[in-house]
Amino acid sequence: MGRECLSEIKRNILLNPGPSTTTDTVKMAQIVPDICPREKEFTQLMRKLRRDLLRIVHADPQKYTSVLFCGSGTINIDVCLNSLLPQDGRILVVNNGAYSARAVEICEYYGLPYIDLKFPEDQLPDLEKVEEVLAENPDIALVHTTHNETGTGILNPVREIGALAHRYDAVFTVDTTSTLAMRPIDMDRDNIDFCMASAQKGLMAMTGLSFIIGNRSVIEASAGYPRRSYYCNLYLQYQVFETTGEMHFTPPVQTVYAAVQALREYFQEGEEQKWARHTRVFEALHRGLRRLGFRDLIRREWQAGLVVSVVYPDDEHWDFEEIHDYCYQKGFTIYPGKVSGQNTFRLCALGAIDEGDIEDFFIVLEEALNRTGVAVPVRYEGK
Ligand SMILES: *Cc1c(COP(=O)(O)O)cnc(C)c1O
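Residues numbered from 1 in each chain as written. Predicted model: local features only at pLDDT ≥ 70, side-chain atom pairs only at ≥ 80, totals over all residues. Heavy atoms only, no water.

This paragraph deals with the packing of helix H2 (residues 40-56) against helix H8 (residues 234-244). Here H2 crosses H8 at 120°, and the two axes come no closer than 11 Å. With respect to their mutual orientation, H2 and H8 come out oblique. You can see that H2 and H8 cross each other, and the crossing is left-handed. Contact residues: Thr 43, Met 46, Arg 47 and Arg 50 in H2; Phe 241, Glu 242 and Thr 244 in H8. When grouped by side-chain class, the residues that make up the contact of H2 with H8 number 2 nonpolar, 2 polar and 3 charged. (Axes fitted to C-alpha atoms, helices over the stretch in contact; angles between N-to-C directions. Helix = DSSP H or I, 4+ residues; strand = E, 2+ residues; numbered from the N terminus. Parallel < 35°, antiparallel > 145°, perpendicular 65-115°, else oblique. Left-handed = near helix turned anticlockwise from the far one by under 90°. Contact = heavy atoms within 4.5 Å. Nonpolar A, V, L, I, M, F, W, Y, C, P; charged D, E, K, R; others polar.)

Structure representation (structure tokens):
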């Protein structure tokens, strides 16, 4: 069993919203000698990983820290909301989609006091309304929203929402799972106190490792807040990392190695170049969709540049499952939508892919449409 095995690993193009297509070098980085994660060699690796994560969002290590968790991305939302709410405080969720709705569910499960400030899924939040709610409810201690609402691909104005949160003395937590390490983020400039992601999205590493980047003094203040979870308490995990360099409980060892390699590749590619590549992929997705006649759900100028929500055509032969299965066999994964009351599917610009892969994909998609009898260009009723 040698490294040559790798040449046999098929390269799949994942157009789902994560996990993303990884490089062979990241896949291979998981093949390491067995090691106990309590060894200094491993804790040093995690220390560097934590520091490097800060660099991605231009976070000053004096002011910010990063805390790792073993779990999928949702663990970060859980941890932030249950750990960062002081006694008698309330959470405001600025909610225009599925991932902010998930934050609302987390509030419900913990019995946290919250306001679910809902906006239509295909619209930007109304900032005047956000301010009104903040002004009327001085007990709001935490404002939460989603940067790129992955369910639709809409980009939320986090800098503006963060400025409002701060004006009313609230901490601002942002679910950046589907932007971090892709669309440039700057903690201070964007008024973000806490952001988060998991390794399998923008970093193009493996599932099982998630991380929160946030304001150290807020985490330290949270030591005195009500404790609502044991495994998912931010202060407890932070404090163990700071004192021992270790994750409180067993880390996902091989996944950490993959993330370290992914970070190396991230800095090699560079923030701007990487964003330019994702943008190329995104443009290629739109070009291909336009050529086949598809419509997208969200106004183009509101899209975060990473997810396209495509409206199902009005064709009796259209069958998403069949189209999916055909593309899947050819090595391309497409993904169902996550919009209530609208039938959509999603194509995403994440991962170690480039515009050539998208051009190949559209050849396959067109074949799938032809074989299933869907008219090309696709049709919509009405206009
Ligand atoms: C992917 C994603 C998550 C995490 O989902 P998991 O299935 O738990 O990994 C959270 N928020 C957003 C915006 C996401 O895109």
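We now examine the packing of aromatic side chains. Throughout the structure, instances matching the rule amount to 14 aromatic pairs. When the ring of Tyr 312 is compared with that of Trp 318, the centres are 5.3 Å apart and the planes differ by 55°; the resulting orientation is tilted. With centroids separated by 4.9 Å and ring planes inclined at 65°, the aromatic side chains of Phe 361 and Phe 362 adopt a geometry described as edge-to-face. Taken together, Phe 294, Tyr 312, Trp 318, Phe 320 and Phe 345 form an aromatic cluster joined through their ring pairs. Here Arg 55 stacks its cationic end above the ring of Phe 267, 3.8 Å away from the centre of that ring. Arg 299 extends its terminal NZ or CZ atom over the ring of Trp 302, reaching a point 4.2 Å from the ring centre. (Phe/Tyr/Trp six-rings, centres within 6.5 Å; stacked < 30°, edge-to-face > 60°. Lys NZ or Arg CZ within 6 Å of the ring centre and 35° of its normal.)

With that settled, consider the pairing of strand S10 (residues 209-215). Counting buried positions along S10 yields 7 of 7 residues, so the element is predominantly enclosed. Note that strand S2 (residues 64-70) and S10 share 7 bridges and pair antiparallel. Opposite Leu 68, over in S10, you have Phe 211 as the bridge partner. Inspection of the sheet shows strand S9 (residues 194-198) paired to S10 by 5 bridges, in the antiparallel sense. Within S10, the residue paired with Ser 198 across the bridge is Ser 210. (Buried < 20%, exposed > 50% of the residue type's maximum accessible area, 1.4 Å probe, protein only. Pairing = 2+ DSSP bridges.)

We now examine the layout of surface pockets. By volume, the largest pocket amounts to about 210 Å³. Around the largest pocket, the lining comprises 14 residues; the ones closest to its centre are Thr 74, Tyr 99, Arg 102, Gln 200 and Lys 201. Of all elements in the fold, only helix H3 (74-83) and helix H4 (98-110) reach the threshold of two or more residues within the lining of the largest pocket. Across the lining of the largest pocket, the residue classes break down as 4 nonpolar, 6 polar and 4 charged. (1 Å grid on protein atoms, 1.4 Å probe; cavity = no way out; pocket = protein on both sides within 12 Å on 5 of 7 lines; lining within 4 Å. Points joined across faces, edges and corners; volume = space filled by probe spheres on them.)

The tally for this structure, following the rule as stated, stands at 20 salt bridges. In this structure, Lys 63 and Asp 188 form a salt bridge, with 2.7 Å as the shortest nitrogen-oxygen distance. With a gap of 125 residues between them, Lys 63 in the loop between H2 and S2 and Asp 188 in the loop between strand S8 (171-175) and S9 connect regions that are remote in the sequence. Ionic pairing is found between Arg 216 and Glu 242, a salt bridge with its closest N-O pair at 3.1 Å. Here Arg 216 is found in helix H7 (residues 216-221), whereas its partner Glu 242 is found in helix H8, with 26 residues between them in sequence. When salt bridges with common partners are traced through the structure, they connect Lys 48, Asp 52 and Arg 55 into a single cluster. (Salt bridge = Lys/Arg side-chain N within 4 Å of Asp/Glu carboxyl O.)

Within helix H6 (residues 158-167), burial applies to Val 158, Ile 161, Gly 162, Leu 164 and Ala 165. Buried residues of H6, seen end-on, are gathered within an arc of 160° and therefore sit on one face of the element. Where H6 is buried, its residues meet strand S3 (90-95), helix H5 (127-136), strand S5 (140-146) and S8. Of the residues flanking the end of H6, it is Asp 169, one or two places downstream, whose phi is positive at about 60°. (Arc of directions from axis to C-beta.)

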